[in-house]
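# Architecture at a glance
The primary structure of each chain is shown beneath.
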Amino acid sequence: LACHLGVLVDIPCIGVAKNLLVVDGLSKERIKKECEAKLVRRGDTLQLMGKSRGLLGVALRCSKTGWTPVYVSSGHRVSLQSAIKITLACSIDVRQPEPIRFVDNGTRRKINDYERVLQKQKQ
């Protein structure tokens, strides 16, 4: 979504996701096993190779303590190596880059607030 917006408005952008998008022959189970084995330190990457399209992006370990990666792809007018560097620079020893974490947390709070209002209206 962010990369599509970047193309539409012609601004540099990168792709960062918490969950693997299973496309072009990628297998969640295989990628998970490889990540557990190969992503040992913060900054380690695992290339995500598609069957027909080649390199799709990387699984990137951002945290010193947890092994669960984020998935990074080059976006519009940004190389994959630059996208990795930017993602690491925005990750303060947590899995997610800070901008994504900030938005996720804020969105979750708003959803919870809205659900509480709906519950009160039902009573």
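Heads up: the structure comes first, above all this text.
Below you will find a few notes about this structure. This structure is a prediction, so every number in the text was calculated from the model and none was measured. (Residues numbered from 1 in each chain as written. Predicted model: local features only at pLDDT ≥ 70, side-chain atom pairs only at ≥ 80, totals over all residues. Heavy atoms only, no water.)

### Remarks on the side chain of Ser63
We count it as follows: Helix and strand definitions here come from DSSP, where helices need a minimum of 4 consecutive H or I residues and strands a minimum of 2 consecutive E residues; each element is numbered from the N-terminal end. By the criterion applied in these results, polar contacts are pairs of N or O atoms within 3.5 Å in which, for protein atoms, one can donate a hydrogen and the other can accept it, and in which residues neighboring in sequence qualify only through two side-chain atoms. Whether two residues are in contact is decided by their heavy atoms: any pair within 4.5 Å suffices.
If you trace the backbone, Ser63 turns up in the loop between strand E3 (54-60) and strand E4 (70-73). A polar contact of 3.1 Å, which involves the side chain of Ser63, links it to the backbone nitrogen of Thr65. A distance of 3.1 Å separates a polar side-chain atom of Ser63 from the backbone nitrogen of Gly66. When near neighbours in sequence (up to four residues on either side) are disregarded, Ser63 contacts Arg42, Asp93, Val94 and Arg95.

### What to know about the environment of Arg42
Under the convention used in this document: Working definition: with a 1.4 Å probe on protein chains only, accessible area under 20% of the residue-type maximum means buried, over 50% means exposed, and in between means partly exposed.
Relative to the helices and strands, Arg42 is located in the loop between helix H2 (28-38) and strand E2 (45-50). By relative accessible area, Arg42 is classed as partly exposed at 30%. The spacing of Arg42 and Ile31 is 11 residues in sequence and 17 Å in space, taken between C-alpha atoms. Excluding its chain neighbours within four sequence positions, the residues that come into contact with Arg42 are Arg61, Cys62, Ser63, Lys64, Leu88, Ser91 and Asp93. From its side chain, Arg42 meets the backbone oxygen of Leu88 in a polar contact 2.9 Å long. Among the polar contacts made by the side chain of Arg42, one reaches the main-chain carbonyl oxygen of Ser91 at a distance of 2.6 Å.

### A short note on the state of the cysteines
Our working definition: Put simply, a disulfide is two cysteine sulfurs that come within 2.5 Å.
Tallied over the entire structure, the rule returns zero disulfides. The thiol of Cys62 is unpaired, and the distance to the nearest cysteine sulfur, on Cys90, comes to 9.6 Å. For Cys90, a relative accessible area of 27% corresponds to the partly exposed category.

### Some remarks on a nonpolar patch on the surface
The condition is simple: Here a patch means residues that are over 30% exposed by relative accessible area and free of salt bridges, tied together within 9 Å if like-charged and within 5 Å if nonpolar (Val, Leu, Ile, Met, Phe, Trp, Tyr). Areas reported here follow the Shrake-Rupley algorithm with a probe of radius 1.4 Å; residue values treat only the protein chains shown as occluding. What makes a salt bridge here is a side-chain nitrogen of Lys or Arg within 4 Å of a carboxyl oxygen of Asp or Glu, nothing more.
A cluster of nonpolar side chains, namely Leu5, Leu8, Val9 and Ile11, defines an oily patch on the protein surface of about 380 Å² accessible area. Assessed through its relative accessible area of 45%, Val9 is described here as partly exposed.

### Focus on the pattern of salt bridges
Under the definition given, this model contains six salt bridges. A salt bridge links Asp10 to Arg77, with the shortest nitrogen-to-oxygen separation between them at 3.1 Å. Taken together, the positions of Asp10 in the loop between helix H1 (2-9) and strand E1 (15-17) and Arg77 in the loop between E4 and helix H3 (80-89) put the pair 67 residues apart, joining distant regions of the chain. We classify Arg77 as exposed; its relative accessible area is 53%. Residues Arg101 and Glu98 are paired through a salt bridge, measuring 3.6 Å at the closest nitrogen-oxygen approach. Of this pair, Arg101 and Glu98 both sit in helix H4 (residues 98-122), three residues apart, roughly one helical turn. Relative accessible area serves as the criterion here: at 28%, Glu98 is assigned to the partly exposed category. When salt bridges with common partners are traced through the structure, they connect Arg30, Glu34 and Lys38 into a single cluster.

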